[in-house]
Amino acid sequence: MSSPYCIVQVALQTPSHSGVGDLLSYASERPLAPGTLVRVPLGTRELLGVVWDADQATGELPDGATLRPIAGVLDGLAPLDLPWRRLVAFAARYYQRALGEVALAALPPQLRDLRPEQLARRLRRPAKAVGDTIDAIENIALSTEQESARARIASEKGPFLLFGSTGSGKTEVYLRCVQEMLEADATAQALVMVPEINLTPQLEERFVGRFAPRFGAGAVVSLHSGMTNPQRLKSWLAAHSGSARIVLGTRMAVFASLPGLQLIVVDEEHDPSYKQQEGARYSARDLAIWRGREQGAKVLLGSATPSLESWYASRPPTPEDPEGGRYMRLHMPSRIGSGIAAGALPRVRRVDMNQQPRRTVFSAPLLQAITERVARGEQSMILLNRRGYAPVLHCVDCGWKSDCPHCSAHQVFHKADRTLRCHHCGYTVRVPRHCPSCGSPDIHPMGRGTEQLQEQLGALLRNVQRPDGAPARIARIDADTTKAKGALQAQLAQVHSGEVDVLVGTQMIAKGHDFRRITLVAAVQPDGALFSSDFRAPERLFALLMQAAGRAGRDAAYMAAQGTQCEMWVQSFHPRHAVFEALRTHDYEAFAAQQLKEREEAAMPPFSYQALVRADARTQEVAQGFLSAATAAAHAAGLPGLEVVTLFPPVPLTIQRVANVERAQMLMESSSRAALQRFLAAWQPVLQATRSQPEHKGLIRWLVDVDPLAI
Ligand code: ADP
Ligand code: ZN
Ligand code: ZN
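Residues numbered from 1 in each chain as written. Chains lettered and ligands numbered in written order. Predicted model: local features only at pLDDT ≥ 70, side-chain atom pairs only at ≥ 80, totals over all residues. Heavy atoms only, no water.

Along its length, the protein carries 18 helices and 29 strands. Considered along the principal axes of its C-alpha atoms, the protein spans approximately 95 × 70 × 60 Å. Taking all contacts inside the protein whose residues are at least 6 apart in sequence as the whole, residues at least 24 apart take part in 75%. As displayed, the protein offers around 30600 Å² of accessible surface, 53% of which is attributable to carbon and sulfur atoms. Separation of charge centres in the protein, based on 79 positive and 70 negative side chains, amounts to 5 Å. (Helix = DSSP H or I, 4+ residues; strand = E, 2+ residues; numbered from the N terminus. Contact = heavy atoms within 4.5 Å. Areas by Shrake-Rupley, 256 points an atom, 1.4 Å probe, with all protein chains shown as cover. Lys, Arg positive; Asp, Glu negative; His and termini not counted. Charge placed at Lys NZ, Arg CZ, Asp CG, Glu CD.)

Shown next, in the form of structure tokens:
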């Protein structure tokens, strides 16, 4: 007996590198449109899948065929549209992952667990009453620079790079562009992405405040990993159905289903958190550009310190380079309110630490400046990119150091709870009273972290009073103080309310927060990044310092009333370094020009394209052996693209061992992105075959990172 069936190809999450193809075939009693969500059996389990191919000409299922039937169709949901499927397929291909993995990771987790009837019940739930839209809110008048940016975004195609100083009013431009786009077309949707850390309630409030009155209470939804699964599902469904007009989210939001998508904004586009660091290691910024082009949506990247990639891509045409870059650069150099001195960028003060007594943490002039501000009731912000009390504990007598037994890294000393903690694998022990190696009681912290900085500052400012006579209050914000849910918000609120006089923290505090009363920002120990082996380290340091500087003097009216000049302090042993020179003049363009010149001479990105293969194994030998064998196999097979792709030899990672796993990587570089892609695609099966050879048994995993951010 044979019966009529449709054969459908379904994308589902199968174990990675399992050898199971990207798509599995199932039988369906009726034709299913591509993009339909279905539940299908796999082994003994039932999984969520997405119907992918339209190859479903009704056929007679041959007798004895083993095609398993679809278990259920999530009927209530419109199929995922072609642009969404194309985006997922591209991301999977480009970042060298299985299609099903990327497709399923792009869907809200809760969708995986809902049976069709459960979903139907959820969809029947009445949506929150949509408030009456009013149009009473007046738009604030844009500055000349904002207006000219807005006009060009409205009239030209893009993609755009909005290069605007911190406080130049970029967010206001985003808001206005979104508004115009949505007012012009009742089905239009906008996607606004922000870096992880930047998604403060403040920004959400600003969007909701602006758009809920215009487009209804449910018009703005968020999508980020801080939400519960039911919240995420709700936002996702609202975006998918078109009832949400604006999706505000972190990198994951680039995969939101947005049938009416017409505008994508990527705020702080240079931020490394747009790059996913596990699974498919996608860049949400780069995918935004791709998606915008494919789906006919405008893309607007914004930053005060653009990534050198975006900066280069937006270079204006010149006689030697009549084409110029693919992006359109829009410049907003002035801070809002800069007519008065208060809106100006902070004055940069460099302290030469060679001239300071040894072991100085806060140089005398910096301490003086902080003291004066506390006394005037102004706030200061101190940056140190290292949490804990001290990065290592050490024995004076025998030289013992608090090394993590599982990693090639030190355990960090945390004083508050008297622990030594490894920041790589989490291994934690109580602080020993005596040296574990020689028994000496003479063990001391070396170097300093934010915890120690807060303590030292407390001692230094103990006699300093606020205008109300109370002692100076010093708060700290870093990953340790913000572990509890809601803790970051609560601590930020304290800063905003003026309860805190000096805020100490890691880069977490440098980004995006709209502190109103900060008039001094200091980086006390930024030198580490100057001599890093990572070629992007200066770029990141510069962006961080510029962004930190931008935290000062954001409230022009407040600054004018105070009559204070805001300041950015840098303490360095290399105060004349190009990074600090450029910072002094707030000259991103000079810095970028100098960095690009170096990159061009060294043929590094954006003048070349890179990918990494990483191997994790029980021993370094096995990890590197696998990479070497796969390289040899690539050469032996004469894989396509190889003629223009350079394969570098395998090397251990900077932190070679984490949680007893040895890690190695090798770099690939090419002047041609297409050639690198061709090569990687051809190499994938070779890597898989190499892995299954017996001599690589100790290999735990391998992965590919395309356009890696850290080498
Ligand atoms: P950016 O995103 O570039 O850092 P924002 O958009 O947050 O800058 O603007 C900085 C501050 O200036 C905010 O407090 C904002 O409300 C205010 N602002 C922005 N544009 C204008 C404008 N055209 N007129 C008055 N204030 C403005
Ligand atoms: Zn000792
Ligand atoms: Zn460890």
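Right, let's talk about the coordination of the zinc ion (ligand 3) for a bit. Ligation of the zinc ion (ligand 3) by protein atoms is provided by C404 (SG), C407 (SG), C422 (SG) and C425 (SG), these donors lying 2.3 Å from the ion. Bound by four donor atoms, the zinc ion (ligand 3) shows angles of 105 to 113 degrees at the metal and therefore tetrahedral coordination geometry. All donor residues of the zinc ion (ligand 3) come from one chain, and their arrangement in sequence is C-x2-C-x14-C-x2-C. Taken as a pair, C407 in the loop between strand 16 (392–395) and strand 17 (412–414) and C425 in the loop between strand 18 (419–421) and strand 19 (428–430) lie far apart in primary sequence, 18 residues in all. Under the relative-accessibility criterion, C425 is labelled partly exposed at 28%. (Donors = N, O, S within 2.8 Å, 3.2 Å for Na, K, Ca; no water. Tetrahedral: all angles 85-135°; square planar, octahedral: opposite > 155°, others 65-115°. Buried < 20%, exposed > 50% of the residue type's maximum accessible area, 1.4 Å probe, protein only.)

Moving on, we get to the domain arrangement of the protein. Segmenting the protein into domains produces domain 1 (5–124), domain 2 (144–332), domain 3 (347–387 + 449–601), domain 4 (390–447) and domain 5 (609–706). Distance between the C-alpha centres of domain 2 and domain 4: 44 Å. (Domains from an automatic or database assignment.)

With that out of the way, let us pick up the site of ligand 1. Residues in close proximity to ligand 1 total 17 residues, the closest being A141, Q146, G167, K170 and T171. A141 places a polar main-chain atom, nitrogen or oxygen, 2.8 Å from a nitrogen atom of ligand 1. Compared with its free state, where it exposes 560 Å², ligand 1 has 77% of that area covered by protein. At three residues, the largest contribution of residues to the shell around ligand 1 is made by helix 5 (residues 170–184). When its residues are assigned to classes, the shell around ligand 1 shows four nonpolar, eight polar and five charged. (Near = heavy atom within 4 Å. Polar contact = N/O pair within 3.5 Å; in protein donor to acceptor, adjacent residues only side chain to side chain. Nonpolar A, V, L, I, M, F, W, Y, C, P; charged D, E, K, R; others polar.)

What follows deals with the coordination of the zinc ion (ligand 2). For the zinc ion (ligand 2), the full set of protein donor atoms is C395 (SG), C398 (SG), C435 (SG) and C438 (SG), and the range of their distances to it is 2.2 to 2.4 Å. Taken together, the four donor atoms coordinating the zinc ion (ligand 2) span angles of 105 to 112 degrees at the metal, a pattern that classifies the geometry as tetrahedral. Positions of the donor residues of the zinc ion (ligand 2), expressed as sequence spacing, correspond to C-x2-C-x36-C-x2-C. Taken together, the residues C395 in strand 16 and C435 in the loop between strand 19 and strand 20 (443–446) connect sequence positions 40 residues apart. Accessibility expressed as a relative area gives 0% for C395, which makes it buried. Taking relative accessible area as the criterion, C435 reaches 3% and is therefore assigned buried.

With that settled, the discussion passes to the sheet that holds strand 17. Pairing within the open sheet is antiparallel, and its three strands lie in the order 17-18-19. Each having just a single partner strand, strand 17 and strand 19 make up the two edges of the open sheet. Sheet twist, expressed as the average angle between the axes of neighbouring strands with direction ignored, equals 25 degrees. (Pairing = 2+ DSSP bridges. Axes fitted to C-alpha atoms, helices over the stretch in contact; angles between N-to-C directions.)

Helices that pack against each other are described as a pair by the angle of their axes relative to one another and the distance between those axes. At a minimum axis distance of 9 Å, the contact between helix 17 (residues 620–637) and helix 18 (residues 673–691) shows a crossing angle of 125 degrees. Taken together, the axes of helix 17 and helix 18 lie oblique to each other. Between helix 17 and helix 18 lies a crossing of right-handed hand. Across the interface between the two elements, F626, A629, A630, T631, A633 and A634 from helix 17 touch F679, W683, V686, L687, T690 and R691 from helix 18. Looking at side-chain class alone, the contact of helix 17 with helix 18 contains nine nonpolar, two polar and one charged residues. (Parallel < 35°, antiparallel > 145°, perpendicular 65-115°, else oblique. Left-handed = near helix turned anticlockwise from the far one by under 90°.)

We now examine the environment of P575. The topology assignment puts P575 in the loop between strand 24 (567–572) and helix 15 (578–584). It is 31 Å that separates the C-alpha atoms of P575 and L492, two residues lying 83 residues apart in sequence. Apart from the residues lying within four places of it in its own chain, the contact partners of P575 are R350, D352 and F580.

What follows deals with the sheet that holds strand 24. Sheet strands associate in pairs through backbone hydrogen bonding, adopting either a parallel or an antiparallel arrangement. Taken in spatial order, the six strands line up as 14-24-23-15-22-21 in an open sheet, and their pairing is parallel. The open sheet terminates on both sides in strands that have one partner only, identified here as strand 14 (347–352) and strand 21 (474–477). Averaged over all adjacent pairs, the angle separating strand axes in this sheet is 20 degrees, with direction ignored. Bridge count for strand 21 against strand 22 (residues 502–505) is four bridges, and the pairing is parallel. Bridge assignment links R476 to a residue of strand 22, and that residue is V504. Across the sheet, helix 11 (residues 450–460) lies against strand 15 (379–383), strand 21 and strand 22, angled at about 175 degrees from strand 21, the strand it touches most.

Among the six residues in strand 24, six count as buried, and that is most of the element. When strand 14 meets strand 24, the two strands line up parallel, connected through six bridges. Counterpart to R347 in the pairing with strand 24 is E567.

Another aspect to go through is empty space enclosed by the protein. All chains considered together, the criterion is met by one cavity of 30 Å³ or more. When its volume is computed, the largest cavity comes out at roughly 50 Å³. Lining the largest cavity, in full, are T305, P306, L308, E539, F542, A543, Y588 and F591. When contributions to the lining of the largest cavity are tallied by element, the ones reaching two or more residues are helix 13 (537–549) and helix 16 (588–601). The element contributing the most residues to the lining of the largest cavity is helix 13, with three residues. Its residues placed into classes, the lining of the largest cavity shows six nonpolar, one polar and one charged. Inspection of the lining of the largest cavity shows a minimum of three residues originating in each of domain 2 (144–332) and domain 3 (347–387 + 449–601). (1 Å grid on protein atoms, 1.4 Å probe; cavity = no way out; pocket = protein on both sides within 12 Å on 5 of 7 lines; lining within 4 Å. Points joined across faces, edges and corners; volume = space filled by probe spheres on them.)

Bringing helix 5 into the picture now. Here helix 5 spans 21 Å end to end across 15 residues, near enough to the 21 Å set by a 1.5 Å rise per residue. Counted residue by residue, helix 5 has twelve buried out of 15 residues, so it is predominantly covered. Within the sequence span of helix 5, burial applies to K170, T171, E172, V173, Y174, L175, R176, C177, V178, Q179, M181 and L182. (Expected span 1.5 Å × (residues − 1).)

Once that is clear, we can look at the nonpolar core. Counting residues in hydrophobic clusters, the biggest one holds 127 residues, and the most contacted among them are L107, L111, M193, F255, M668 and W683. Filtering out sequence-adjacent residues up to four positions away, L107 remains in contact with L37, L48, V50, L80, W84, R112 and W236. Core analysis: the next-biggest nonpolar cluster, separate from the first, contains 28 residues, A190, V194, F211 and M332 among them. (Core = buried A, V, L, I, M, F, W, Y, C linked by side-chain atoms within 4.5 Å.)

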